Amino acid sequence: MTGLAVLFALLGAASNAMGTAFQRKAASRVAEGGGLRLILRLARQPPWLIGIAGVTGAALFQAVALANGPLSLVQPLFILELPFALMIAVPLLHRRLSRAGWWAVVGVVAGLGLVLLSAAPSGARSDASMERWIPALILCLGSVAVAVGVARPGRPPLFRAAVLGSASAISNALTAALLKSAVGTLDEDGFVAFLGVWQTYGFVVTGVVAVLLLENALQAGPLVASQPALTIGDATLSLLLGVTLFDETIRTGWWLLPELIGAAVVLWGVLRLTRVVPHLADMAH
């Protein structure tokens, strides 16, 4: 089961990488703006529609992965989205990746591997009581609301991109938790029960919010500001939600040392890659 979770999480990361790349291309073609009007303008862009197809495929892969493994394992694997995006862009643009870029890819993969091997996430539950859901929802949705409020137009681009990227990461993590719960109901009680639980409609709403925030984050400022918040924030919060909602477990004690070292290596790799990806895109123009 864990092997299937890892496989489909990797497929989801690759599909999401394709989707994000095309969304980024579409966002760069429209005038500045935000909210629903931005989505309506993007919907007229074919690359954005391709990007949405990639994101939709990623959601399906993610659902299968979450049905077969813990949230604290599946979501951190989506950190590999950025290396996948780079691997897609290099042959697509007929470019060669620099040695620094390859070292960054190695850093992300090795760092993530160290974190997951050290933490050894485990857990088989997909249900949680409302006593657990209520504080999680209040904290997550409240944080998103605050982020949207402080990232209003007129603030510095780096700040807006980072804050909106963080808000999108929170929405993604919450969406994954709601999706895991809903898919668990589908697996155990069938489709009718799946349609009858609030988590099914919850992950649809938070998923749409996550996409909207992503589009605004990509348009607000450079990738170097939004991507670290997106990747690291999603993985970290998903791990916390897995532990608090679904009683998933990770190793602590002295295992925290390699986990922190791995996380630092991942962050270094992500920061390096965010500088490589825009450079490749610029060379294509």
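One can find the structure itself at the top, above this paragraph.
Residues numbered from 1 in each chain as written. Predicted model: local features only at pLDDT ≥ 70, side-chain atom pairs only at ≥ 80, totals over all residues. Heavy atoms only, no water.

1. A few points about the overall build of the protein chain
In step 1: Within the protein chain, the secondary structure is distributed over twelve helices and zero strands.
In step 2: Along the chain direction, N to C, the helices and strands of the protein chain fall in the order α-α-α-α-α-α-α-α-α-α-α-α.
In step 3: When the 285 residues of the protein chain are sorted by exposure, 48% land in the buried category.
In step 4: When contacts within the protein chain are restricted to residue pairs at least 6 apart in sequence, long-range pairs at least 24 apart make up 83% of them.
In step 5: On the protein chain, roughly 13700 Å² of surface is accessible, and the fraction owed to carbon and sulfur atoms is 71%. (Helix = DSSP H or I, 4+ residues; strand = E, 2+ residues; numbered from the N terminus. Buried < 20%, exposed > 50% of the residue type's maximum accessible area, 1.4 Å probe, protein only. Contact = heavy atoms within 4.5 Å. Areas by Shrake-Rupley, 256 points an atom, 1.4 Å probe, with all protein chains shown as cover.)

2. Description of the pattern of salt bridges
In step 1: Under the counting rule described, the total for this entry stands at three salt bridges.
In step 2: Residue D127 is joined to R125 by a salt bridge in which the shortest nitrogen-to-oxygen separation is 3.5 Å.
In step 3: Residue classification places R125 among the partly exposed residues on the basis of a relative accessible area of 32%.
In step 4: A cluster of three or more residues bridged by salt bridges with shared partners is formed by R125, D127, R132 and D247. (Salt bridge = Lys/Arg side-chain N within 4 Å of Asp/Glu carboxyl O.)

3. A word on the side chain of N216
In step 1: Topologically, N216 is positioned in helix α10 (residues 198-220).
In step 2: In terms of polar contacts, N216 uses its side chain to reach the backbone carbonyl oxygen of L212, at 2.7 Å. (Polar contact = N/O pair within 3.5 Å; in protein donor to acceptor, adjacent residues only side chain to side chain.)

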